[in-house]
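Take a look at the letters that make up each chain.
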Amino acid sequence: MKPINAAHILLRLRCAGIDASIAGITFLLTLAPLATAQVVVPAYTGCGGIDAPVIDDAFETRVVELVNQQRAANGDLPPLKRVAALDKAARYHAADLGFDNYFAHDTYDRSGGSLVRVCGTFERIRQWYDWSAAGENIGAGYRTPEDVMAGWMRSDGHRRNILNPNFREIGVGYFSGAGDYGIYWVQDFGARRGEYPILINNDAATTNDPAVELFIHGEWSEMRLRNDSDLWSEWQPFASRFSWMLNNSVGERIVSVELRTNAQIYSACDKITLVGATAAEMAQPPVTDYQLYLPSIVSSQSAQPLVTCE
């Protein structure tokens, strides 16, 4: 494959409220394809809605960790909550890029050997996630979460999505086994109207210490919390960041919060697994050539609230 270098920017301005949104930015770096074995599976067709299988949840989890590390290191930005709906949107697109062998934010199908555009980025994301704001980063050929994150952080457009203070949630898709580059990564970012996540230890999956840090999105007057199914604490002044003690028992631990301002009350929760003191480190595959496609971002006012404990 010949080296590819290209750039494209599309900026949309919406008159109602002067909503400026970067609808698509592309920037492709020089790279070489990665030879991989082809996997025989049914073709991904249409604008999403199919739940792609999980290829490597540990890789996806690590990307979320690295995103929140970058947000903490660059202006102490609020951490992002990983949600299943955005994971599904990202996994579908990562798999579709590989199986239909293309590289773009919009969704395409192959017909008679040619690519046919099916739908736009944000229409596809909305098949799973009713966003009020959304963004996407994609990459191809990177072997590890650290490598793809380093590539994204070197690019202004990707970096802006990762560090966007308006996003509250994230999903990650990882795919390997098909396509010219063999490996495809997708980050989908979002926020939903009326959705204000709580995060334990910046959305870590596990902890070996019951003393944790909590972050709660939004602005509220008061809050109260509880562990698992314990009694609620007393109402207290709202704080977005504070220390908290989990029930000291190995296994899944849940922290729930109720938030209120005047007559408005909102509920949310998060979970984390309390484990022993040691855990195996994830093996890191070698670095390879890579490709980047810069992010898309859009905003609107159409999302509906959804509260889940993930």
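Check the entry above for the structure.
S.K.: In this structure, what is going on with the packing of helix α1 (residues 57-73) against helix α4 (residues 145-153)? I would like to understand it.
M.R.: Working note: a packed helix pair is described by the angle between its axes plus the distance between those axes. Two elements in contact, α1 and α4, have axes whose closest approach is 9 Å; the angle formed by their N-to-C orientations is 40°. Here α1 is positioned oblique relative to α4, judged by the angle of their axes. Crossing handedness for the pair α1 and α4: right-handed. Along the contact surface, α1 presents F59, R62, V63, L66, V67 and Q70, while α4 presents P145, E146, M149, W152 and M153.

S.K.: Mind showing me how you'd approach the sheet that holds strand β9 (residues 198-200) here?
M.R.: Pairing between sheet strands relies on hydrogen bonds along the backbone, with the strands arranged either parallel or antiparallel. Sheet architecture is open: three strands sit in the order β9-β11-β14, paired in antiparallel fashion. Two strands in the sheet have a free side with no partner beyond their single neighbour: β9 and β14 (241-245). Averaged over all pairs of adjacent strands, the angle between their axes in this sheet comes to 30°, without regard to strand direction. The pairing of β9 with strand β11 (residues 211-216) spans three bridges and is antiparallel. Of the residues in β11, the one forming a bridge with I200 is L214.

S.K.: Explanation requested: the side chain of R168 in the structure shown.
M.R.: Within the secondary structure, R168 is located in the loop between α5 (156-162) and β7 (169-176). An unpaired buried charge is present at R168: no salt bridge exists, and E169, the closest side chain of opposite charge, is 6.3 Å distant. Separated by 2.6 Å, the side chain of R168 and the backbone oxygen of R192 make a polar contact. In terms of polar contacts, R168 uses its side chain to reach the backbone carbonyl oxygen of E195, at 2.8 Å. Setting aside residues no more than four positions away along its own chain, R168 makes contact with P79, L80, K81, G190, A191, R192, R193, E195, Y196, P197 and H217.

S.K.: I tried to follow the state of the cysteines on my own but got confused; where do I start?
M.R.: Between two cysteines, a covalent bond joining their sulfur atoms is known as a disulfide. According to the stated counting rule, one finds one disulfide in the structure shown. The disulfide partner of C47 is C119, and the S-S distance across this bridge is 2.0 Å. Judged by the sign of its S-S torsion, about 95°, the bond between C47 and C119 is right-handed. Here C47, found in the loop between β2 (19-28) and α1, pairs with C119, found in strand β5 (residues 114-119); they are 72 residues apart in sequence, far enough to count as distant. Both residues of the pair, C47 and C119, count as buried.

Cut-offs applied
- Residues numbered from 1 in each chain as written.
- Predicted model: local features only at pLDDT ≥ 70, side-chain atom pairs only at ≥ 80, totals over all residues.
- Heavy atoms only, no water.
- Axes fitted to C-alpha atoms, helices over the stretch in contact; angles between N-to-C directions.
- Helix = DSSP H or I, 4+ residues; strand = E, 2+ residues; numbered from the N terminus.
- Parallel < 35°, antiparallel > 145°, perpendicular 65-115°, else oblique.
- Left-handed = near helix turned anticlockwise from the far one by under 90°.
- Contact = heavy atoms within 4.5 Å.
- Pairing = 2+ DSSP bridges.
- Buried < 20%, exposed > 50% of the residue type's maximum accessible area, 1.4 Å probe, protein only.
- Lys, Arg positive; Asp, Glu negative; His and termini not counted.
- Salt bridge = Lys/Arg side-chain N within 4 Å of Asp/Glu carboxyl O.
- Polar contact = N/O pair within 3.5 Å; in protein donor to acceptor, adjacent residues only side chain to side chain.
- Disulfide = S-S within 2.5 Å.

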